[in-house]
Amino acid sequence: MTGAGVSAESGVPTFRGQGGLWQGRRAEDVATPQAFQRDPEGVWEFYNYRREKLLACKPNAGHAAIAALEAVFDDWTLITQNVDGLHRQAGSRNIVELHGNIWTTRCTACCQEFDHFGDKLSRRPTCNDCGGLLRPGVVWFGEMLPPDALAAAQDAVGRCQAILVVGTSSVVEPAASMAGWARAHGALVVEINLERTPLSEQADECLFGKAGEILPRLVSALKARKSDPSQ
Ligand code: BV8
Ligand code: ZN
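Report follows, based on the coordinates.

Reading the values: the criteria
Residues numbered from 1 in each chain as written. Chains lettered and ligands numbered in written order. Predicted model: local features only at pLDDT ≥ 70, side-chain atom pairs only at ≥ 80, totals over all residues. Heavy atoms only, no water. Pairing = 2+ DSSP bridges. Helix = DSSP H or I, 4+ residues; strand = E, 2+ residues; numbered from the N terminus. Axes fitted to C-alpha atoms, helices over the stretch in contact; angles between N-to-C directions. Core = buried A, V, L, I, M, F, W, Y, C linked by side-chain atoms within 4.5 Å. Buried < 20%, exposed > 50% of the residue type's maximum accessible area, 1.4 Å probe, protein only. Contact = heavy atoms within 4.5 Å. Expected span 1.5 Å × (residues − 1). Arc of directions from axis to C-beta.

On to the sheet that holds strand β3 (residues 100–107). Read from one edge to the other, the open sheet built from three strands follows the order β4-β3-β5, with strand pairing classed as antiparallel. Edge positions in the sheet fall to β4 (113–115) and β5 (134–138), since each of these pairs with one other strand and no more. Neighbour to neighbour, the strand axes of the sheet diverge by 40 degrees on average, direction disregarded. Here three bridges tie β3 to β4, and the two strands are oriented antiparallel to one another. Within β4, the position partnered with R106 by the bridge is E113.

What follows is the structure, given as structure tokens:
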């Protein structure tokens, strides 16, 4: 389970805390259906700014390590709250994007979804098919998560032996409850973060430090264990 902290070392601003995206902005003003209803151009300005910044960002060692873990485990699911697409660029494949993807759009009239990876969009992009207003393909506050993504995440969390929770402040629901659901059926909970979060007291292990430094070390240890179980 990853959050914005995994992308921080790629230069993608996190949401909360010092210098975060919500800094100086209220999430309710830029990341809710009401905000979009009220001021679609202002919301598109925020998302176009983030898309623009993302073009210069590349996956970091943390993303690469997570992609490598997919090959270490027979049954692995990456659940991410991140909308930046960097996990896929790093080579992860079995990905559940709980909060959508900033590179996609959805037509508010005909509901078609479009991939605009790298495209520069206007402040009022419209659907090529029906001329309807496009919205960012992300999940806003007060919106349900995509049912298939939520179901896939709940299935993985319900079956896992261990959950690694990396770079999230664990405040946004229902993502923040996933580790608790895993723990409830006996899974090991390991948190990797720079600081303590509301999840920390429930975690079996808290590894404090940068995801881009801790994860590669974890992958090497797991790979060594896999090749020589006596280790
Ligand atoms: C829902 C997409 C059912 C858009 C996002 C009261 C009224 C109404 C709703 C609610 C309410 N109370 C609770 C709710 C539900 C609400 C919610 O949880 N609110 C919270 C804030 C109280 N949730 C919802 O609305 C969700 N839908 O519940 O539907 C429903 C329907 C109607 C009414 C009620 C319920 C939808 C939530 C999705 C919102 N969309 N983003 C966009 O991106 O613009 S949320 C946004 O926050 C991002 O997706 C982000 O992923 C997510 C979580 O943030 P984090 O990833 O954790 O990032 P953050 O900056 O917070 O933390 C970074 C962490 O990394 C820190 O801990 C830091 O220490 C660490 N870090 C930094 N650098 C590193 C590092 N760690 C390691 N290494 C580093 N280098
Ligand atoms: Zn349309």
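On to the nonpolar core, then. In this structure, Y47, I102 and W140 are the most contacted members of the largest nonpolar core, which totals 23 residues. Sorting the residues of this core by element identifies α3 (33–38), α4 (40–54), β3 and β5 as the ones contributing at least two each. Among the elements that make up this core, the one with the highest residue count is α4 (five residues). In this structure, I102 is in contact with Y47, R50, R51, L54, V83, D84 and V138, ignoring residues within four places of it in sequence.

With that settled, consider helix α7 (residues 147–159). With 13 residues, α7 extends 18 Å between its outermost C-alpha atoms, agreeing within 8% with the 18 Å of an ideal straight helix rising 1.5 Å per residue. Buried residues of α7: A149, A153, A156 and V157, and no others. On an axial view of α7, the arc spanned by its buried residues comes to 95 degrees, and they lie on one face. Projecting away from the buried face of α7 at angles above 90 degrees are the exposed residues P147 and D148. Looking at the buried side of α7, the elements it contacts are β1 (78–80), β2 (95–97), β6 (162–166) and α8 (178–184).

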